[in-house]
Amino acid sequence: MHEPSLDLAGPPDVYVRAAPPPPPTERLQDHRHVAVAVIGAGFTGLSAALHLAETGIDVAVLEAKDIGWGASGRAFGQVVPYLKPGHEAILRHYGAERGQRIVDAVAAGPDLVFELIGRHGIECWAMRSGLIFAAHSPGGRRDLGRRTQYWQQRGAPVEMLEGARCAEAIGSSLYPAASLDRRGGNINPFAYARGLAHAAAKTGATLHAQTPVRKLMRRNGRWAIDAGSAELTADNVVIATNAYTGDLWPGLRQSIIPMRGHGFVTEPLSDNVRHTILPERQSLTDTRLLYSGVRMLPDGRLHGSAHGPSFGAEPRADWRRVDARIRRLFPQLGAVKWQQAWTGWVAMTTDHFPRLHELAPGLYAGLGYNGRGIAAATMMGRDLATLVRGARDDATVFPLTPLRPLGWHRVAPTLVRGLVQVYRLRDMVDECRPGRAA
Ligand SMILES: Cc1cc2nc3c(=O)[nH]c(=O)nc-3n(C[C@H](O)[C@H](O)[C@H](O)COP(=O)(O)OP(=O)(O)OC[C@H]3O[C@@H](n4cnc5c(N)ncnc54)[C@H](O)[C@@H]3O)c2cc1C
(Lines give C-alpha, C1' and ligand atoms only; values in the text may rest on other atoms or scores of the structure.)
Protein backbone atom coordinates (compact mmCIF):
# COMPACT_ATOMS: atom_id res chain seq x y z
CA MET A 1 0.00 0.00 0.00
CA HIS A 2 1.28 3.45 -0.97
CA GLU A 3 0.59 5.95 1.83
CA PRO A 4 -0.22 9.54 0.83
CA SER A 5 1.62 12.61 2.07
CA LEU A 6 -0.37 14.41 4.76
CA ASP A 7 -1.21 18.08 4.26
CA LEU A 8 -2.29 19.74 7.48
CA ALA A 9 -1.52 23.29 6.42
CA GLY A 10 -4.77 24.12 4.62
CA PRO A 11 -6.82 23.28 1.54
CA PRO A 12 -5.25 20.50 -0.54
CA ASP A 13 -3.10 21.11 -3.60
CA VAL A 14 -5.49 19.24 -5.82
CA TYR A 15 -8.17 21.89 -5.14
CA VAL A 16 -5.84 24.89 -5.05
CA ARG A 17 -4.23 24.11 -8.43
CA ALA A 18 -7.64 24.04 -10.13
CA ALA A 19 -9.04 27.18 -8.46
CA PRO A 20 -9.20 30.75 -9.80
CA PRO A 21 -6.51 33.10 -8.44
CA PRO A 22 -7.20 34.58 -5.01
CA PRO A 23 -9.40 37.68 -4.96
CA PRO A 24 -7.89 41.02 -3.96
CA THR A 25 -7.45 41.04 -0.20
CA GLU A 26 -5.34 43.05 2.17
CA ARG A 27 -4.51 42.78 5.82
CA LEU A 28 -6.58 45.26 7.85
CA GLN A 29 -4.20 48.06 8.63
CA ASP A 30 -6.15 51.20 9.41
CA HIS A 31 -8.99 52.12 11.72
CA ARG A 32 -12.33 52.48 10.02
CA HIS A 33 -16.07 52.00 10.44
CA VAL A 34 -18.36 49.68 8.44
CA ALA A 35 -22.02 48.83 8.65
CA VAL A 36 -21.25 45.10 8.99
CA ALA A 37 -18.11 43.16 9.89
CA VAL A 38 -18.08 39.46 9.04
CA ILE A 39 -15.54 37.30 10.88
CA GLY A 40 -14.47 34.21 8.88
CA ALA A 41 -14.18 33.76 5.11
CA GLY A 42 -15.73 30.35 4.50
CA PHE A 43 -19.09 29.71 2.83
CA THR A 44 -21.05 31.21 5.76
CA GLY A 45 -19.11 34.47 5.94
CA LEU A 46 -18.66 34.91 2.18
CA SER A 47 -22.32 34.21 1.45
CA ALA A 48 -23.36 36.67 4.18
CA ALA A 49 -20.99 39.30 2.75
CA LEU A 50 -22.20 38.76 -0.82
CA HIS A 51 -25.89 38.91 0.13
CA LEU A 52 -25.28 42.08 2.17
CA ALA A 53 -23.14 43.80 -0.48
CA GLU A 54 -25.80 43.01 -3.10
CA THR A 55 -28.19 45.27 -1.21
CA GLY A 56 -25.64 48.10 -1.07
CA ILE A 57 -24.55 47.53 2.54
CA ASP A 58 -20.96 48.41 3.44
CA VAL A 59 -19.43 45.11 4.60
CA ALA A 60 -15.89 43.99 5.50
CA VAL A 61 -14.79 40.36 5.89
CA LEU A 62 -11.99 39.60 8.36
CA GLU A 63 -10.25 36.24 7.93
CA ALA A 64 -7.47 34.96 10.18
CA LYS A 65 -5.73 33.00 7.39
CA ASP A 66 -6.85 33.05 3.74
CA ILE A 67 -10.13 32.88 1.82
CA GLY A 68 -11.55 29.35 2.13
CA TRP A 69 -8.76 28.22 4.46
CA GLY A 70 -11.09 26.48 6.95
CA ALA A 71 -13.46 23.58 6.30
CA SER A 72 -14.84 25.28 3.17
CA GLY A 73 -11.61 24.76 1.23
CA ARG A 74 -11.21 21.15 2.40
CA ALA A 75 -14.72 19.72 2.03
CA PHE A 76 -15.41 16.57 0.03
CA GLY A 77 -17.41 18.65 -2.44
CA GLN A 78 -20.90 17.13 -2.37
CA VAL A 79 -23.65 19.75 -2.57
CA VAL A 80 -26.50 18.02 -0.78
CA PRO A 81 -30.23 18.83 -0.55
CA TYR A 82 -30.53 17.54 3.03
CA LEU A 83 -29.22 17.99 6.57
CA LYS A 84 -27.77 15.15 8.60
CA PRO A 85 -31.23 14.37 10.12
CA GLY A 86 -33.86 13.24 7.61
CA HIS A 87 -37.17 14.99 6.87
CA GLU A 88 -39.07 13.04 9.58
CA ALA A 89 -36.62 14.16 12.27
CA ILE A 90 -36.79 17.77 11.06
CA LEU A 91 -40.59 17.79 11.22
CA ARG A 92 -40.50 16.24 14.70
CA HIS A 93 -37.91 18.72 15.97
CA TYR A 94 -39.28 21.96 14.51
CA GLY A 95 -43.00 21.14 14.25
CA ALA A 96 -45.07 20.74 11.09
CA GLU A 97 -45.01 24.30 9.80
CA ARG A 98 -41.46 25.47 10.49
CA GLY A 99 -40.17 21.95 9.91
CA GLN A 100 -41.72 21.75 6.44
CA ARG A 101 -40.24 25.14 5.57
CA ILE A 102 -36.81 23.92 6.60
CA VAL A 103 -37.17 20.62 4.70
CA ASP A 104 -38.21 22.46 1.53
CA ALA A 105 -35.60 25.20 1.83
CA VAL A 106 -32.80 22.70 2.47
CA ALA A 107 -33.98 20.66 -0.53
CA ALA A 108 -33.54 23.82 -2.60
CA GLY A 109 -30.07 24.48 -1.11
CA PRO A 110 -28.22 23.13 -4.19
CA ASP A 111 -30.36 25.47 -6.37
CA LEU A 112 -28.91 28.41 -4.42
CA VAL A 113 -25.32 27.14 -4.75
CA PHE A 114 -25.54 26.32 -8.47
CA GLU A 115 -27.42 29.57 -9.16
CA LEU A 116 -24.62 31.59 -7.50
CA ILE A 117 -22.02 29.59 -9.42
CA GLY A 118 -23.85 30.28 -12.71
CA ARG A 119 -24.61 33.93 -12.04
CA HIS A 120 -21.07 34.79 -10.97
CA GLY A 121 -19.34 32.53 -13.50
CA ILE A 122 -17.49 30.59 -10.78
CA GLU A 123 -15.23 27.94 -12.26
CA CYS A 124 -15.28 25.14 -9.70
CA TRP A 125 -15.87 21.79 -11.49
CA ALA A 126 -19.59 22.37 -10.93
CA MET A 127 -21.45 19.27 -12.03
CA ARG A 128 -25.07 18.63 -11.15
CA SER A 129 -25.40 15.01 -12.17
CA GLY A 130 -26.71 13.91 -8.78
CA LEU A 131 -25.67 12.00 -5.69
CA ILE A 132 -25.72 8.25 -5.12
CA PHE A 133 -26.61 7.10 -1.62
CA ALA A 134 -26.06 3.34 -1.29
CA ALA A 135 -27.65 0.95 1.21
CA HIS A 136 -25.06 -0.83 3.37
CA SER A 137 -27.66 -3.01 5.13
CA PRO A 138 -31.31 -4.12 4.87
CA GLY A 139 -32.22 -1.35 7.34
CA GLY A 140 -30.37 1.19 5.20
CA ARG A 141 -32.24 -0.03 2.14
CA ARG A 142 -35.63 0.40 3.86
CA ASP A 143 -34.62 3.86 5.02
CA LEU A 144 -33.57 4.92 1.51
CA GLY A 145 -36.80 3.48 0.09
CA ARG A 146 -38.87 5.57 2.54
CA ARG A 147 -36.95 8.75 1.77
CA THR A 148 -37.14 8.17 -1.97
CA GLN A 149 -40.90 7.64 -1.79
CA TYR A 150 -41.33 10.84 0.22
CA TRP A 151 -39.42 12.90 -2.34
CA GLN A 152 -41.02 11.24 -5.33
CA GLN A 153 -44.46 12.15 -3.91
CA ARG A 154 -43.24 15.74 -3.82
CA GLY A 155 -42.13 15.58 -7.45
CA ALA A 156 -38.38 15.56 -6.78
CA PRO A 157 -36.02 13.77 -9.23
CA VAL A 158 -35.04 10.99 -6.81
CA GLU A 159 -35.15 7.28 -7.72
CA MET A 160 -34.09 3.90 -6.37
CA LEU A 161 -31.49 1.92 -8.31
CA GLU A 162 -31.61 -1.82 -7.72
CA GLY A 163 -29.38 -4.73 -8.71
CA ALA A 164 -27.69 -4.36 -12.11
CA ARG A 165 -28.71 -0.68 -12.50
CA CYS A 166 -27.15 0.09 -9.13
CA ALA A 167 -23.95 -1.81 -10.00
CA GLU A 168 -23.71 -0.03 -13.34
CA ALA A 169 -24.17 3.45 -11.85
CA ILE A 170 -21.51 2.85 -9.19
CA GLY A 171 -19.14 0.63 -11.13
CA SER A 172 -19.23 -1.91 -8.32
CA SER A 173 -21.46 -4.78 -7.19
CA LEU A 174 -20.79 -4.17 -3.48
CA TYR A 175 -24.19 -2.60 -2.84
CA PRO A 176 -27.54 -4.18 -3.73
CA ALA A 177 -29.45 -0.88 -3.91
CA ALA A 178 -28.96 2.86 -3.82
CA SER A 179 -30.90 6.07 -4.31
CA LEU A 180 -29.96 8.53 -7.02
CA ASP A 181 -30.83 12.11 -6.10
CA ARG A 182 -30.48 14.39 -9.09
CA ARG A 183 -31.02 17.57 -7.08
CA GLY A 184 -27.46 17.46 -5.75
CA GLY A 185 -24.08 17.76 -7.39
CA ASN A 186 -20.36 18.14 -6.90
CA ILE A 187 -17.88 21.02 -6.90
CA ASN A 188 -14.32 21.98 -6.05
CA PRO A 189 -15.22 23.63 -2.72
CA PHE A 190 -12.06 25.72 -2.46
CA ALA A 191 -12.67 27.16 -5.94
CA TYR A 192 -16.29 27.86 -4.95
CA ALA A 193 -15.08 29.76 -1.84
CA ARG A 194 -12.68 31.84 -3.94
CA GLY A 195 -15.43 32.45 -6.50
CA LEU A 196 -17.84 33.65 -3.79
CA ALA A 197 -15.10 35.96 -2.51
CA HIS A 198 -14.53 37.41 -6.00
CA ALA A 199 -18.28 37.94 -6.35
CA ALA A 200 -18.51 39.63 -2.93
CA ALA A 201 -15.54 41.89 -3.72
CA LYS A 202 -16.96 42.86 -7.13
CA THR A 203 -20.26 43.66 -5.46
CA GLY A 204 -18.56 46.02 -3.01
CA ALA A 205 -17.42 44.00 0.02
CA THR A 206 -13.87 44.48 1.30
CA LEU A 207 -11.87 41.38 2.14
CA HIS A 208 -9.13 41.32 4.75
CA ALA A 209 -7.14 38.08 4.85
CA GLN A 210 -4.37 37.41 7.39
CA THR A 211 -6.43 39.41 9.87
CA PRO A 212 -7.23 37.37 12.99
CA VAL A 213 -9.82 39.02 15.21
CA ARG A 214 -8.64 38.95 18.81
CA LYS A 215 -11.46 40.58 20.70
CA LEU A 216 -14.97 41.93 20.27
CA MET A 217 -16.22 44.71 22.50
CA ARG A 218 -19.36 46.82 22.75
CA ARG A 219 -18.39 50.51 22.84
CA ASN A 220 -20.60 53.61 22.43
CA GLY A 221 -23.43 51.61 20.84
CA ARG A 222 -21.11 50.01 18.26
CA TRP A 223 -18.97 46.90 18.01
CA ALA A 224 -15.22 47.42 18.30
CA ILE A 225 -13.22 44.67 16.65
CA ASP A 226 -9.63 44.31 17.75
CA ALA A 227 -7.50 42.83 14.97
CA GLY A 228 -4.07 43.41 16.46
CA SER A 229 -2.48 46.46 14.89
CA ALA A 230 -5.79 47.72 13.47
CA GLU A 231 -9.33 48.17 14.73
CA LEU A 232 -12.63 48.14 12.94
CA THR A 233 -15.88 49.46 14.33
CA ALA A 234 -19.17 48.12 13.02
CA ASP A 235 -22.90 48.53 13.65
CA ASN A 236 -23.39 44.78 13.20
CA VAL A 237 -21.09 41.78 13.42
CA VAL A 238 -21.52 38.29 11.97
CA ILE A 239 -19.41 35.52 13.49
CA ALA A 240 -18.87 32.86 10.81
CA THR A 241 -16.03 30.84 12.28
CA ASN A 242 -17.87 27.48 12.61
CA ALA A 243 -15.60 24.63 13.80
CA TYR A 244 -12.65 27.06 13.94
CA THR A 245 -14.43 29.20 16.56
CA GLY A 246 -12.15 30.45 19.34
CA ASP A 247 -12.97 32.54 22.38
CA LEU A 248 -14.45 35.61 20.68
CA TRP A 249 -17.77 35.21 22.42
CA PRO A 250 -18.35 33.41 25.75
CA GLY A 251 -19.87 29.96 25.26
CA LEU A 252 -19.91 29.93 21.44
CA ARG A 253 -16.96 27.53 21.12
CA GLN A 254 -18.52 25.31 23.79
CA SER A 255 -21.84 25.09 21.90
CA ILE A 256 -20.39 22.82 19.17
CA ILE A 257 -18.09 19.83 19.06
CA PRO A 258 -15.33 20.19 16.46
CA MET A 259 -14.44 16.81 14.92
CA ARG A 260 -11.95 16.01 12.21
CA GLY A 261 -12.97 14.97 8.70
CA HIS A 262 -10.44 13.39 6.37
CA GLY A 263 -9.94 13.67 2.60
CA PHE A 264 -7.52 11.94 0.23
CA VAL A 265 -6.84 11.51 -3.49
CA THR A 266 -5.09 8.91 -5.62
CA GLU A 267 -2.80 9.61 -8.53
CA PRO A 268 -4.74 9.87 -11.81
CA LEU A 269 -6.11 6.43 -12.68
CA SER A 270 -5.48 4.76 -16.02
CA ASP A 271 -8.01 5.59 -18.75
CA ASN A 272 -9.62 2.17 -18.84
CA VAL A 273 -10.12 2.03 -15.04
CA ARG A 274 -11.38 5.59 -14.52
CA HIS A 275 -14.27 5.09 -16.96
CA THR A 276 -15.58 2.10 -15.00
CA ILE A 277 -15.98 4.06 -11.75
CA LEU A 278 -19.07 6.24 -11.22
CA PRO A 279 -19.33 6.70 -15.00
CA GLU A 280 -21.86 9.55 -14.77
CA ARG A 281 -19.63 11.30 -12.24
CA GLN A 282 -22.02 11.31 -9.32
CA SER A 283 -20.42 11.01 -5.90
CA LEU A 284 -21.16 8.01 -3.73
CA THR A 285 -21.87 7.76 -0.01
CA ASP A 286 -23.71 5.10 1.93
CA THR A 287 -26.00 4.59 4.90
CA ARG A 288 -23.31 3.61 7.42
CA LEU A 289 -23.20 5.68 10.62
CA LEU A 290 -19.55 6.58 10.07
CA TYR A 291 -19.34 8.82 7.06
CA SER A 292 -17.34 8.03 3.95
CA GLY A 293 -17.64 8.94 0.29
CA VAL A 294 -15.89 8.61 -3.07
CA ARG A 295 -16.03 10.46 -6.36
CA MET A 296 -13.93 10.87 -9.51
CA LEU A 297 -12.23 14.21 -10.07
CA PRO A 298 -12.10 15.73 -13.58
CA ASP A 299 -8.42 14.76 -13.98
CA GLY A 300 -9.12 11.08 -13.29
CA ARG A 301 -8.15 10.92 -9.63
CA LEU A 302 -10.27 8.98 -7.18
CA HIS A 303 -11.19 11.26 -4.28
CA GLY A 304 -12.31 9.85 -0.97
CA SER A 305 -13.58 11.14 2.32
CA ALA A 306 -13.50 8.92 5.37
CA HIS A 307 -13.82 8.77 9.05
CA GLY A 308 -10.47 8.81 10.86
CA PRO A 309 -9.14 10.01 14.18
CA SER A 310 -11.65 12.62 15.34
CA PHE A 311 -9.28 14.77 17.37
CA GLY A 312 -5.60 15.59 17.81
CA ALA A 313 -3.08 17.87 16.13
CA GLU A 314 -1.60 15.56 13.51
CA PRO A 315 -3.91 12.64 12.97
CA ARG A 316 -3.48 10.08 10.22
CA ALA A 317 -6.45 8.22 8.84
CA ASP A 318 -6.14 4.46 9.19
CA TRP A 319 -4.75 3.77 5.71
CA ARG A 320 -5.02 0.05 5.93
CA ARG A 321 -8.77 0.35 6.62
CA VAL A 322 -9.40 3.04 3.96
CA ASP A 323 -7.36 1.20 1.34
CA ALA A 324 -9.07 -2.14 2.05
CA ARG A 325 -12.53 -0.56 1.87
CA ILE A 326 -11.89 1.22 -1.45
CA ARG A 327 -10.37 -1.90 -3.04
CA ARG A 328 -13.32 -4.01 -1.87
CA LEU A 329 -15.63 -1.42 -3.45
CA PHE A 330 -13.67 -1.13 -6.71
CA PRO A 331 -11.60 -4.31 -7.20
CA GLN A 332 -10.71 -3.10 -10.72
CA LEU A 333 -8.39 -0.53 -9.10
CA GLY A 334 -5.68 -3.05 -8.25
CA ALA A 335 -2.96 -1.50 -6.11
CA VAL A 336 -3.97 2.07 -5.27
CA LYS A 337 -1.41 4.86 -5.25
CA TRP A 338 -2.70 7.38 -2.72
CA GLN A 339 -1.11 10.72 -3.35
CA GLN A 340 -2.31 13.29 -0.84
CA ALA A 341 -4.36 13.34 2.33
CA TRP A 342 -5.73 16.22 4.35
CA THR A 343 -7.98 16.92 7.28
CA GLY A 344 -10.28 19.71 8.45
CA TRP A 345 -12.61 20.44 11.36
CA VAL A 346 -16.35 19.77 11.11
CA ALA A 347 -18.71 21.44 13.65
CA MET A 348 -21.08 18.91 15.18
CA THR A 349 -24.10 19.72 17.34
CA THR A 350 -25.77 17.32 19.75
CA ASP A 351 -29.04 17.14 17.77
CA HIS A 352 -27.27 17.47 14.39
CA PHE A 353 -29.14 20.70 13.52
CA PRO A 354 -27.36 23.96 12.56
CA ARG A 355 -27.57 26.95 14.88
CA LEU A 356 -28.48 30.58 14.18
CA HIS A 357 -27.98 32.97 17.12
CA GLU A 358 -28.44 36.61 17.96
CA LEU A 359 -25.80 36.74 20.68
CA ALA A 360 -26.31 40.41 21.60
CA PRO A 361 -27.90 43.40 19.83
CA GLY A 362 -26.33 43.51 16.36
CA LEU A 363 -24.17 40.41 16.92
CA TYR A 364 -25.11 37.23 15.02
CA ALA A 365 -23.60 33.78 14.50
CA GLY A 366 -24.43 30.81 12.23
CA LEU A 367 -22.70 27.47 12.63
CA GLY A 368 -22.95 23.70 13.25
CA TYR A 369 -23.60 22.06 9.87
CA ASN A 370 -22.52 18.57 10.93
CA GLY A 371 -20.52 17.97 7.76
CA ARG A 372 -23.34 19.06 5.40
CA GLY A 373 -22.33 22.69 5.04
CA ILE A 374 -21.75 23.58 1.40
CA ALA A 375 -25.40 24.36 0.70
CA ALA A 376 -26.47 24.85 4.34
CA ALA A 377 -23.69 27.38 5.11
CA THR A 378 -24.44 29.26 1.88
CA MET A 379 -28.10 29.41 3.02
CA MET A 380 -27.04 30.39 6.53
CA GLY A 381 -25.02 33.29 5.09
CA ARG A 382 -28.17 34.45 3.31
CA ASP A 383 -30.14 34.10 6.59
CA LEU A 384 -27.53 36.12 8.49
CA ALA A 385 -27.72 38.88 5.86
CA THR A 386 -31.52 38.83 6.20
CA LEU A 387 -31.32 39.28 9.99
CA VAL A 388 -28.71 42.05 9.74
CA ARG A 389 -31.04 43.91 7.38
CA GLY A 390 -33.59 43.93 10.19
CA ALA A 391 -35.95 41.05 9.34
CA ARG A 392 -37.18 38.78 12.10
CA ASP A 393 -36.50 35.09 12.18
CA ASP A 394 -39.75 34.17 10.41
CA ALA A 395 -37.99 35.46 7.27
CA THR A 396 -35.06 33.04 7.69
CA VAL A 397 -34.80 29.32 6.99
CA PHE A 398 -33.15 28.42 10.29
CA PRO A 399 -34.86 29.77 13.44
CA LEU A 400 -33.01 31.88 15.98
CA THR A 401 -32.21 29.85 19.08
CA PRO A 402 -30.54 30.80 22.38
CA LEU A 403 -26.87 29.94 22.76
CA ARG A 404 -26.48 26.73 24.77
CA PRO A 405 -22.91 25.92 25.77
CA LEU A 406 -22.47 22.20 26.51
CA GLY A 407 -21.72 21.65 30.20
CA TRP A 408 -19.69 18.55 29.28
CA HIS A 409 -17.71 20.20 26.45
CA ARG A 410 -14.35 19.49 28.10
CA VAL A 411 -14.95 15.74 28.09
CA ALA A 412 -16.56 15.70 24.62
CA PRO A 413 -13.52 14.09 22.91
CA THR A 414 -13.60 11.14 25.31
CA LEU A 415 -17.35 10.66 24.87
CA VAL A 416 -17.15 11.03 21.09
CA ARG A 417 -14.29 8.52 20.80
CA GLY A 418 -16.47 6.01 22.70
CA LEU A 419 -19.47 6.74 20.46
CA VAL A 420 -17.36 6.30 17.32
CA GLN A 421 -16.33 2.81 18.50
CA VAL A 422 -20.01 1.93 19.04
CA TYR A 423 -20.89 3.26 15.57
CA ARG A 424 -18.03 1.32 14.00
CA LEU A 425 -19.25 -1.87 15.63
CA ARG A 426 -22.86 -1.22 14.55
CA ASP A 427 -21.75 -0.58 10.96
CA MET A 428 -19.78 -3.84 10.96
CA VAL A 429 -22.69 -5.84 12.37
CA ASP A 430 -25.15 -4.25 9.90
CA GLU A 431 -22.90 -5.05 6.97
CA CYS A 432 -22.88 -8.73 7.96
CA ARG A 433 -26.68 -9.04 8.02
CA PRO A 434 -28.17 -11.40 5.48
CA GLY A 435 -29.57 -9.63 2.42
CA ARG A 436 -26.88 -6.99 2.36
CA ALA A 437 -24.75 -8.09 -0.53
CA ALA A 438 -25.87 -8.49 -4.13
C1 LIG B 1 -13.03 16.97 5.39
C2 LIG B 1 -14.36 17.65 5.27
C3 LIG B 1 -15.28 17.21 4.31
C4 LIG B 1 -16.51 17.86 4.17
N5 LIG B 1 -17.33 17.47 3.14
C6 LIG B 1 -18.49 18.14 2.92
C7 LIG B 1 -19.29 17.82 1.80
O8 LIG B 1 -18.95 16.99 0.93
N9 LIG B 1 -20.48 18.48 1.64
C10 LIG B 1 -20.89 19.43 2.53
O11 LIG B 1 -21.98 19.99 2.34
N12 LIG B 1 -20.12 19.79 3.59
C13 LIG B 1 -18.93 19.17 3.81
N14 LIG B 1 -18.14 19.54 4.85
C15 LIG B 1 -18.60 20.60 5.77
C16 LIG B 1 -18.39 21.99 5.19
O17 LIG B 1 -17.09 22.07 4.65
C18 LIG B 1 -18.56 23.04 6.28
O19 LIG B 1 -19.80 22.86 6.91
C20 LIG B 1 -18.51 24.47 5.74
O21 LIG B 1 -17.38 24.65 4.95
C22 LIG B 1 -18.54 25.46 6.87
O23 LIG B 1 -18.29 26.75 6.34
P24 LIG B 1 -18.04 27.97 7.31
O25 LIG B 1 -17.84 29.16 6.49
O26 LIG B 1 -19.12 28.04 8.33
O27 LIG B 1 -16.70 27.59 8.12
P28 LIG B 1 -15.16 27.52 7.61
O29 LIG B 1 -15.05 27.26 6.15
O30 LIG B 1 -14.47 26.55 8.51
O31 LIG B 1 -14.64 29.00 7.87
C32 LIG B 1 -14.38 29.53 9.13
C33 LIG B 1 -13.26 30.55 8.96
O34 LIG B 1 -13.17 31.36 10.13
C35 LIG B 1 -11.84 31.76 10.27
N36 LIG B 1 -11.62 32.24 11.65
C37 LIG B 1 -11.71 31.54 12.80
N38 LIG B 1 -11.46 32.36 13.85
C39 LIG B 1 -11.20 33.59 13.35
C40 LIG B 1 -10.86 34.83 13.96
N41 LIG B 1 -10.75 34.99 15.29
N42 LIG B 1 -10.66 35.90 13.14
C43 LIG B 1 -10.78 35.80 11.80
N44 LIG B 1 -11.08 34.62 11.19
C45 LIG B 1 -11.30 33.53 11.95
C46 LIG B 1 -11.06 30.49 9.93
O47 LIG B 1 -9.70 30.77 9.57
C48 LIG B 1 -11.88 29.91 8.78
O49 LIG B 1 -11.35 30.27 7.52
C50 LIG B 1 -16.87 18.93 5.04
C51 LIG B 1 -15.97 19.37 5.99
C52 LIG B 1 -14.72 18.76 6.10
C53 LIG B 1 -13.74 19.28 7.13
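One can find the structure itself at the top, above this paragraph.
Please read all numbers here as calculations on a predicted model, not as lab measurements. (Residues numbered from 1 in each chain as written. Predicted model: local features only at pLDDT ≥ 70, side-chain atom pairs only at ≥ 80, totals over all residues. Heavy atoms only, no water.)

Trainee: When you look at the overall build of the chain in this model, what are you seeing that I'm missing?
Mentor: Looking only at helices and strands, the chain features twelve helices and 19 strands. In terms of overall dimensions, the chain has C-alpha extents of about 70 × 45 × 45 Å along its principal axes. Residues classed as buried in the chain amount to 58% of the 438 residues present. A sequence separation of at least 24 residues applies to 76% of the contacts in the chain between residues at least 6 apart. With 52 positive and 40 negative side-chain charges, the chain shows a separation of 4 Å between the mean positions of the two kinds. (Helix = DSSP H or I, 4+ residues; strand = E, 2+ residues; numbered from the N terminus. Buried < 20%, exposed > 50% of the residue type's maximum accessible area, 1.4 Å probe, protein only. Contact = heavy atoms within 4.5 Å. Lys, Arg positive; Asp, Glu negative; His and termini not counted. Charge placed at Lys NZ, Arg CZ, Asp CG, Glu CD.)

Trainee: Hey, could you run me through the environment of Leu356 in this one?
Mentor: Counting through the fold element by element, Leu356 comes out in strand 18 (residues 355-360). C-alpha of Leu356 to C-alpha of Met380: the two residues are 24 residues apart in sequence and 7.8 Å apart in space. Discounting chain neighbours no more than four positions away, the residues touching Leu356 are Ala365, Gly366, Met380, Asp383, Leu384, Leu387, Thr396, Phe398, Pro399, Leu400 and Thr401.

Trainee: Just to check I follow, could you spell out the environment of Thr211 for this structure?
Mentor: Considering the arrangement of structural elements, one finds Thr211 in the loop between strand 9 (206-208) and strand 10 (215-219). Judged by relative accessible area, Thr211 falls into the buried class, the value being 2%. Each residue touching Thr211, except ones within four places of it in the same chain, is listed here: Glu26, Arg27, Leu28, Leu62, Glu63, Ala64 and Ala227. Within the structure, Thr211 has its side chain in polar contact with the backbone nitrogen of Leu28 (distance 3.1 Å). (Polar contact = N/O pair within 3.5 Å; in protein donor to acceptor, adjacent residues only side chain to side chain.)

Trainee: Looking at this model, I keep getting lost on the pairing of strand 18. Mind explaining?
Mentor: Each regular strand carries side chains that alternate between the two faces of the sheet. Of all six residues that make up strand 18, five are buried, and the element is covered over most of its length. Examined bridge by bridge, strand 18 and strand 19 (residues 363-367) share five bridges and lie antiparallel to one another. Bridging across to strand 19, Ala360 finds its partner in Leu363. (Pairing = 2+ DSSP bridges.)

Trainee: What am I meant to see in helix 3 (residues 87-94) here?
Mentor: For an α-helix the count is 3.6 residues per turn, leaving residues at separations of three or four pointing the same way. Every buried residue belonging to helix 3 is among His87, Ile90 and Tyr94, and all of these are buried. For helix 3, the buried positions fall inside an angular range of 60° around the axis, keeping them on one side. If you follow the buried residues of helix 3, they end up packed against helix 4 (96-107) and helix 6 (138-153). After helix 3 finishes, the residue Gly95 shows a positive phi value of roughly 85°. (Arc of directions from axis to C-beta.)

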